[in-house]
Amino acid sequence: MKKLVRDPEQFDVLELFSNMGASLGYDIRDPTSQDDFIKRVRGSLELIKKKCTVVHGQRTEALFAYVIGALGKVVLLNQEDAGDVFFAGENILVPDYRLTFENGSQLMVEVKNCHQRNPEANITITKDYFNKLFRYAEINQVKLKFAVLYSRWNKWCLLGINVFEEHDDCYKINMLDALKSNEMAMLGDLMVGAAPNLEIHVLADPVDDSEIDENGLARFVIKEIKLFCMEKEIVNEHERKLALFIMQHGDWHESEPEAFVVNNKFYGVRFIYSPKQQEEPNFAIIGNLSSMVTNAYKDHTVENGEVKALKVGFDPAVFEIFIPEDYAGERLPLWRFQMCPPNDA
């Protein structure tokens, strides 16, 4: 999936100036209005940076678009809650996204971030909040669902309001019940398993001088990078791409690097990726595709535990994990599990 190229520096700034100016009485020709606009934007940004919930919520909303784009089931994704909306009748709220599938069907999605550690803790949707979102979706004759990122667990769930527990003024659901009712499969999400172990070998050019000096250091030129599964080299280019992505962003443990040294000459280093727990001899779960994309997005937007950016400047295709339905790996056997809620089984 590609992102439509826009010029936010030109058009979004003008729209923000216009929206603020409508209530503040700005004159686009007046330097004083421009100065006040810049002052207010700077102050607002400084204030928002201190509100961690807002920052993480906005980042999660932006992340969802890249998760969906990478999973490949949706052909068009619109940020629905952007721009002015005029309506008649009862109050409404606009969901975050409108998703369009290849068959033409559509879905409205509201994105939520849940950072609670306790899996039995509830996420709460007030009835007033839901009813306003539902009215908008109903006017458009499109179903509404909630996409919840349980960020401490790195798990995405797509949920209809029918699986929440209804109370007098709200709906509630905990993570354990959410996982049982998860509909992320309809967006292309899969749980993936592979045969341990996976390895990366970074090999030095033997022609280059790579002697280890008295300080234990060796300078070397990388000649090639080889990937292995169950000690067999992965040579197919698509399989290499898959293996590299799941090693980088899956749940398996990365070992300490092991150096290849012969007669005090450095020939390369290898990294071994193995499951944290393994019950079967030739199989272990690596994780969900949506979780791997989330990890990849995190590498670009989070540093030392702090959010440094909400969005990235490239297409979701960068995170794409394409595993054909008829996939049969030559050297990278993969098991794929589509997790469906009970009513879809």
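Nothing here was measured: the structure is a model prediction, and the numbers come from that model.

Considerations on the sheet that holds strand E3 (residues 106-114)
And step 1. Taken in spatial order, the 5 strands line up as E1-E2-E3-E5-E6 in an open sheet, and their pairing is mixed. Whereas interior strands pair on both sides, the edge strands pair on one side only; in this sheet they are strand E1 (74-79) and strand E6 (155-159). Across this sheet, the average inter-strand angle for adjacent strands is 25°, counted without regard to direction.
And step 2. Both strand E5 (residues 143-150) and E6 contribute to a ladder of 5 bridges, which runs antiparallel. Its bridge partner lying in E6, Val148 is registered against Cys157.

What about the sheet that holds strand E8 (residues 170-174)?
And step 1. Taken together, the 3 strands give an open sheet; going across it, the order is E4-E8-E7, and neighbouring strands pair in antiparallel fashion. With partners counted over all chains shown, the strands left at the sheet margins are strand E4 (122-126) and strand E7 (165-166), one partner each.
And step 2. In terms of strand pairing, E4 meets E8 through 5 bridges, oriented antiparallel. By the bridge assignment for E8, Ile123 is matched with Ile173.

Focus on the pattern of salt bridges
And step 1. Counting across every chain of the model gives 12 salt bridges.
And step 2. Glu90 serves as the salt-bridge partner of Arg135, at 3.2 Å between the closest nitrogen and oxygen. You can see Arg135 sitting in helix H4 (residues 127-139) and its partner Glu90 sitting in the loop between E1 and strand E2 (97-101), a full 45 residues away along the chain.
And step 3. Residues Glu183 and Lys145 are paired through a salt bridge, measuring 3.1 Å at the closest nitrogen-oxygen approach. Of this pair, Glu183 sits in the loop between helix H5 (175-180) and strand E9 (191-194) while Lys145 sits in strand E5, placing them 38 residues apart in sequence. With respect to burial, Glu183 and Lys145 carry one shared label: buried.
And step 4. Ionic contacts of the salt-bridge type, sharing partners, join the residues Glu199, Glu258 and Arg270 into one network.

Concerning the nonpolar core
And step 1. One finds Phe64, Leu99, Trp156, Leu187, Leu332 and Leu334 to be the most contacted residues of the largest nonpolar core, which totals 57 residues.
And step 2. The leading source of residues in this core is helix H3 (residues 52-71), at 9 residues.
And step 3. Counting 24 residues, the second largest nonpolar core, distinct from the first, contains Phe130, Leu133, Ala137 and Tyr150.

Description of the packing of aromatic side chains
And step 1. What the rule picks out here adds up to 15 aromatic pairs.
And step 2. With 6.1 Å between their ring centres and 65° between their planes, Tyr66 and Phe319 make a pair best called edge-to-face. Separated by 253 residues along the polypeptide, Tyr66 in helix H3 and Phe319 in the loop between strand E18 (306-307) and strand E19 (334-337) bring together distant segments of the chain. Neither Tyr66 nor Phe319 differs from the other in exposure class; each is buried.
And step 3. With centroids separated by 6.4 Å and ring planes inclined at 70°, the aromatic side chains of Tyr297 and Phe319 adopt a geometry described as edge-to-face. Linking Tyr297 in helix H7 (residues 289-301) with Phe319 in the loop between E18 and E19, this pair joins segments that are 22 residues apart in sequence. Of the two residues, Tyr297 and Phe319, neither departs from the other in class, the shared state being buried.
And step 4. The lysine or arginine in question, Lys127, covers the ring of Tyr171, its NZ or CZ lying 5.5 Å from the ring centre.

Considering a nonpolar patch on the surface
And step 1. The grouping of Ile285, Trp335, Phe337 and Met339 at the surface amounts to a nonpolar patch, some 340 Å² of accessible area in total.
And step 2. Mapping Ile285 onto the fold places it in strand E16 (residues 284-288).
And step 3. Look at Ile285 and you get partly exposed, because its relative accessible area is 33%.

Thoughts on the packing of H3 against H7
And step 1. Packing of H3 against H7 brings their axes to within 9 Å, and their N-to-C directions diverge by 130°. Regarding the angle of H3 to H7, the classification is oblique. Here H3 runs over H7; the crossing is right-handed. Judged by residue contacts, Arg59, Ala62, Leu63, Tyr66, Val67, Ala70 and Leu71 of H3 engage Leu289, Ser290, Val293, Thr294, Tyr297, Lys298 and Thr301 from H7.
And step 2. In terms of residue class, the contact of H3 with H7 is made up of 9 nonpolar, 3 polar and 2 charged.

Focus: the side chain of His249
And step 1. Within the fold, His249 resides in helix H6 (residues 237-249).
And step 2. For His249, a relative accessible area of 9% gives the class buried.
And step 3. When near neighbours in sequence (up to four residues on either side) are disregarded, His249 contacts Met292, Asn295, Ala296 and Asp299.

Topic: helix H1 (residues 8-24)
And step 1. Over its 17 residues, H1 runs 22 Å from end to end, which matches the ideal 24 Å to within 8%, given 1.5 Å per residue.
And step 2. Phe17, Met20 and Gly21 are the residues of H1 that are buried. With its buried residues spanning 105° around the axis, H1 presents them on a single face. Facing away from the buried side of H1, by more than 90 degrees, are the exposed residues Ala22 and Ser23.
And step 3. Buried residues belonging to H1 abut helix H2 (31-49).
And step 4. Just downstream of H1, Gly25 is the residue with a positive phi angle, here 75°.

Reading guide: rules and limits
Residues numbered from 1 in each chain as written. Predicted model: local features only at pLDDT ≥ 70, side-chain atom pairs only at ≥ 80, totals over all residues. Heavy atoms only, no water. Pairing = 2+ DSSP bridges. Helix = DSSP H or I, 4+ residues; strand = E, 2+ residues; numbered from the N terminus. Axes fitted to C-alpha atoms, helices over the stretch in contact; angles between N-to-C directions. Salt bridge = Lys/Arg side-chain N within 4 Å of Asp/Glu carboxyl O. Buried < 20%, exposed > 50% of the residue type's maximum accessible area, 1.4 Å probe, protein only. Core = buried A, V, L, I, M, F, W, Y, C linked by side-chain atoms within 4.5 Å. Phe/Tyr/Trp six-rings, centres within 6.5 Å; stacked < 30°, edge-to-face > 60°. Lys NZ or Arg CZ within 6 Å of the ring centre and 35° of its normal. Patch = residues over 30% accessible without salt bridge, like charges linked within 9 Å, V, L, I, M, F, W, Y side chains within 5 Å. Areas by Shrake-Rupley, 256 points an atom, 1.4 Å probe, with all protein chains shown as cover. Parallel < 35°, antiparallel > 145°, perpendicular 65-115°, else oblique. Left-handed = near helix turned anticlockwise from the far one by under 90°. Contact = heavy atoms within 4.5 Å. Nonpolar A, V, L, I, M, F, W, Y, C, P; charged D, E, K, R; others polar. Expected span 1.5 Å × (residues − 1). Arc of directions from axis to C-beta.

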